[in-house]
Amino acid sequence: MANQDDQFKKVVSHAKEYGFVFQSSEIYDGLSAVYDYAQNGVELKKNIREYWWKAMVQMHENIVGLDAAIFMHPTTWKASGHVDAFNDPLIDNKDSKKRYRADVLIEDYVAKLDDKIEKEVEKAAKRFGDTFDKEQFLATNERVLGYKTKGEAILKRMGKSLGEENLADVKALIEELEIVCPLSGSKNWTEVKQFNLMFGTKIGASADASMDLYLRPETAQGIFVNFSNVQKSGRMKIPFGIAQTGKAFRNEIVARQFIFRMREFEQMEMQFFVRPGTQKEWYEEWKQARLKWHLSLGLGKENYRFHDHDKLAHYADAAADIEFKFPFGFKELEGIHSRTDFDLSSHEKFSGKKLQYFDPELNEHYVPYVVETSVGLDRMFLAVFSNSLQEEELENGTTRTVLRLPAVLAPTKAAILPLVKKDGLPEIASKIMDDLKWDFSVDYDEKDAVGRRYRRQDAVGTPFCITVDHETLENDTVTIRYRDTMAQNRVKISELRDIIKEEVDVKKWLMKM
Ligand code: ATP
């Protein structure tokens, strides 16, 4: 655990020190769970957004984009169920006065059982050596099966109690499991209460004429209310999707873990409209498609897993998370939900407008079913950033900090470095930069010894350093240094564009899907 904490602290401090993420309003001591993206962070975030957009919109003839406003008519949130049901169950510890999400306390308890299973597997793997069969061990070992059954039973009971609004039983479960406050170690809990997560605000100049609004807690509803507009104006045929990226706001009870859980964050969502009855197939299809997208970035297959939900949201008939191994363990990165016709039907009811589709093949009108894929851009950022941050022992006994970002996402693709600040080398370096910046985001750096400049670029994840030296004056060649291997090759200036493109081309990365 200490190790995980250390690694996470490194992630947070590296993000600040190298201009990726700052606490919001830091000069006023910050605003809790709100963050700003700095010069490098904004580029990484933009590249992740683009990587998603290309995969979802550009590569699918039947998916189009949308950019709906953050403010929406307040009835939207009545219809969507958010006014009545967008709650988290909270519980306070009377001794530490700390507030927790009751469901998260229970889920953390189950996660500890999962850790125990992993430890059993590690022990057994050591004991049996090459003959170890993990699948068989997981399926037959009594201790493992005991932990598994216990975990499943706990989650099932929690799902049922929350579904039935039986908050007393949620508290009873916390007591039965003897869950203690992580801070005070005490079991002195209050009752469990529901807390609505939406932020309210007002529109209009005068107090009487003003209207209560909410900041949207998800981008999805902007898509649903525009369903007919997009379908008709784009002459879309089912199945088709509408994709959108944008800010969402939630008054999270426990906002910890850096940009993992923020009060203002960005989502990348796609709502896929399908014929009723086909939603299960599309749900499975999108689960696999989304996992492939994640895997294409090469952060390691072992760092992802599906978690199928027992506790279904009020709108869903199936739901799964793609979980990622963050520095603090496996947690939700993306949600895939089969939302049925809940949203469109409900908006029909509340607005009195038809939100239906005429299916020419069936010759009938219906309210489409919806499969949603929803990934947090900030969580994606944290996944990529934390996984890429590595400290490496070098052969000469020193260490280097390197941010092994997938090259396609790196904020800066290449840094151009004149070896010395004289003899015409800076001029050539500037010329190379002026030429490459049409195609890539590049950086120029002439300060300090070249070794230190390499280290600086390693720390912000720049895949290539291009060094201009005296030989360049003679034969138009430069050295190109690769971030990951630190190998250096001598190449012609005229070859640089192709070499860089080969590594950072979105097509090459997405083709791995
Ligand atoms: P959690 O269980 O972690 O609160 P959720 O199930 O409420 O998340 P969804 O409503 O499914 O999340 O939202 C879709 C995605 O939006 C999540 O998978 C996550 O990546 C992102 N997300 C949700 N809440 C936050 C938040 N407070 N800060 C950052 N990202 C978030």
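Computed from a predicted structure; not experimentally measured.

*Asks:* Is there a simple way to think about the overall build of the protein in this case?
*Replies:* A count of helices and strands for the protein gives 18 helices and 23 strands. Taken over the C-alpha trace, the protein has a radius of gyration of 26 Å; the compact-globule value for 513 residues is 24 Å, and the two agree within 12%. Summarising its shape, the C-alpha atoms of the protein cover approximately 75 × 60 × 55 Å along the three principal directions. For the protein, the residues scored as buried account for 50% of the 513 residues in total. For the protein, the share of sequence-separated contacts (at least 6 apart) that also reach a separation of at least 24 residues comes to 65%. Carbon and sulfur atoms make up 50% of the accessible area of the protein, which totals about 25600 Å².

*Asks:* When you look at the packing of aromatic side chains in this model, what are you seeing that I'm missing?
*Replies:* Within a pair of aromatic rings, the relevant descriptors are the distance that separates the centres and the angle that separates the planes. According to the stated counting rule, one finds 23 aromatic pairs in the structure shown. Taking 5.0 Å as the distance between ring centres and 65° as the angle between the ring planes, the aromatic pair formed by Tyr-37 and Phe-381 counts as edge-to-face. Here the residue Tyr-37 occupies a position in strand 2 (residues 35-37), and Phe-381 occupies one in helix 13 (residues 377-388), the gap between them amounting to 344 residues. The pair formed by Tyr-37 and Phe-381 is uniform in burial state, with each residue classed as buried. The interplanar angle of 5° and the centroid separation of 6.3 Å between the aromatic rings of Phe-128 and Phe-132 together place this pair among those described as stacked. Taken together, the aromatic side chains of Phe-8, Phe-260, Tyr-304, Phe-324, Phe-326 and Phe-328 make up a single cluster linked through ring pairs.

*Asks:* Explain the packing of helix 5 (residues 102-128) against helix 7 (residues 142-163) to me, please; I cannot follow it from the model alone.
*Replies:* The relative placement of two packed helices comes down to the angle between their axes together with the axis-to-axis distance. For the pair helix 5 and helix 7, the least separation of the axes is 9 Å and the interaxial angle reads 165°. By the angle class used here, helix 5 and helix 7 are roughly antiparallel. Regarding helix 5 and helix 7, the two cross each other, and that crossing is left-handed. Along the contact surface, helix 5 presents Asp-103, Ile-106, Glu-107, Tyr-109, Val-110, Leu-113, Lys-116, Ile-117, Glu-120 and Lys-123, while helix 7 presents Arg-143, Val-144, Tyr-147, Lys-148, Lys-150, Gly-151, Ile-154, Leu-155, Met-158 and Leu-162. Across the contact of helix 5 with helix 7, the residue classes break down as 11 nonpolar, 1 polar and 8 charged.

*Asks:* Just checking my understanding: could you explain unusual backbone geometry for this structure?
*Replies:* Negative phi is the rule for most residues except glycine; trans is the rule for most peptide bonds. Omega for the bond connecting Ile-238 with Pro-239 falls within 30 degrees of zero, at 5°, which places this linkage in the cis form. Phi at Ala-33 takes a positive value of approximately 65°, unusual for a residue other than glycine. Mapped onto the secondary structure, Ala-33 falls in the loop between strand 1 (21-23) and strand 2. Taking the relative accessible area as the measure of exposure, Ala-33 reaches 5% and is therefore buried.

*Asks:* Is there a simple way to think about the pattern of salt bridges in this case?
*Replies:* Any two side chains of opposite charge can pair, so long as their charged atoms come close to each other. One pass over the full model with this rule turns up 42 salt bridges. Close ionic contact of Arg-261 with Glu-252 constitutes a salt bridge, the shortest N to O distance being 3.5 Å. Across the pair Arg-497 and Asp-439 runs a salt bridge, and its minimum N-O distance is 2.5 Å. Linking Arg-497 in helix 17 (residues 496-504) with Asp-439 in the loop between helix 14 (425-436) and strand 20 (442-444), this pair joins segments that are 58 residues apart in sequence. Look at Arg-497 and you get partly exposed, because its relative accessible area is 27%. For Asp-439, a relative accessible area of 44% corresponds to the partly exposed category.

*Asks:* So what exactly am I meant to see when it comes to a nonpolar patch on the surface here?
*Replies:* Taken together, Phe-71, Ile-203 and Met-211 make up a surface patch of nonpolar side chains, about 270 Å² in accessible area. Looking at the element boundaries, Ile-203 is found in strand 7 (residues 200-203).

*Asks:* Would you explain helix 17 in this entry?
*Replies:* At 3.6 residues per turn, the α-helix brings residues three or four places apart onto the same side. All buried positions along helix 17 are accounted for by Leu-496, Ile-499, Ile-500 and Val-504. Looking straight down helix 17, one finds its buried side chains confined to an arc of 115°; they lie on one side. Away from its buried face, by an angle of more than 90 degrees, helix 17 presents the exposed residues Asp-498 and Glu-502. Check the buried side of helix 17 and you find it contacts strand 19 (414-418), helix 14, strand 21 (464-468), strand 22 (477-482), strand 23 (488-492) and helix 18 (506-510).

*Asks:* It is not clear to me how the pairing of strand 10 (residues 264-274) should be interpreted in this structure. Could you clarify?
*Replies:* Consecutive side chains along a regular strand alternate between the two faces of the sheet. Buried residues dominate strand 10, accounting for 10 of its 11 residues. With 8 bridges connecting them, strand 10 and strand 16 (residues 369-376) associate as antiparallel partners. Following the sheet pairing, Phe-273 is matched in strand 16 by Val-370.

*Asks:* Can you walk me through the domain arrangement of the protein in this structure?
*Replies:* Split by domain assignment, the protein resolves into domain 1 (2-86 + 197-386), domain 2 (101-177) and domain 3 (412-510). Each of domain 1 and domain 2 was reduced to a C-alpha centroid, and the two centroids are 28 Å apart. Residue-level contacts link 9 residues of domain 1 with 9 residues of domain 2. Both faces considered, domain 1 and domain 2 share a buried interface measuring about 680 Å² in area, 48% of it formed by carbon and sulfur atoms.

*Asks:* Teacher, can you tell me more about the site of the ligand here?
*Replies:* In the vicinity of the ligand there are 16 residues, among which Glu-252, Arg-261, Met-262, Glu-332 and Leu-333 approach most closely. At a separation of 2.7 Å, a nitrogen atom of the ligand approaches a polar side-chain atom of Glu-252. Gly-376 is positioned such that a nitrogen or oxygen atom in its backbone is 2.9 Å from an oxygen atom of the ligand. Across the complex, the protein chains shield 87% of the 590 Å² of accessible surface that the ligand would expose by itself. Contributions of two or more residues to the shell around the ligand are made by strand 10, strand 13 (329-340) and strand 16. Looking at the shell around the ligand, the element that brings in the most residues is strand 13, giving 5 residues.

Procedures and definitions
- Residues numbered from 1 in each chain as written.
- Predicted model: local features only at pLDDT ≥ 70, side-chain atom pairs only at ≥ 80, totals over all residues.
- Heavy atoms only, no water.
- Helix = DSSP H or I, 4+ residues; strand = E, 2+ residues; numbered from the N terminus.
- Rg over C-alpha atoms; globule rule 2.2 N^0.38 Å.
- Buried < 20%, exposed > 50% of the residue type's maximum accessible area, 1.4 Å probe, protein only.
- Contact = heavy atoms within 4.5 Å.
- Areas by Shrake-Rupley, 256 points an atom, 1.4 Å probe, with all protein chains shown as cover.
- Phe/Tyr/Trp six-rings, centres within 6.5 Å; stacked < 30°, edge-to-face > 60°.
- Axes fitted to C-alpha atoms, helices over the stretch in contact; angles between N-to-C directions.
- Parallel < 35°, antiparallel > 145°, perpendicular 65-115°, else oblique.
- Left-handed = near helix turned anticlockwise from the far one by under 90°.
- Nonpolar A, V, L, I, M, F, W, Y, C, P; charged D, E, K, R; others polar.
- Salt bridge = Lys/Arg side-chain N within 4 Å of Asp/Glu carboxyl O.
- Patch = residues over 30% accessible without salt bridge, like charges linked within 9 Å, V, L, I, M, F, W, Y side chains within 5 Å.
- Arc of directions from axis to C-beta.
- Pairing = 2+ DSSP bridges.
- Domains from an automatic or database assignment.
- Buried area = accessible area lost by both parts, 1.4 Å probe.
- Near = heavy atom within 4 Å.
- Polar contact = N/O pair within 3.5 Å; in protein donor to acceptor, adjacent residues only side chain to side chain.

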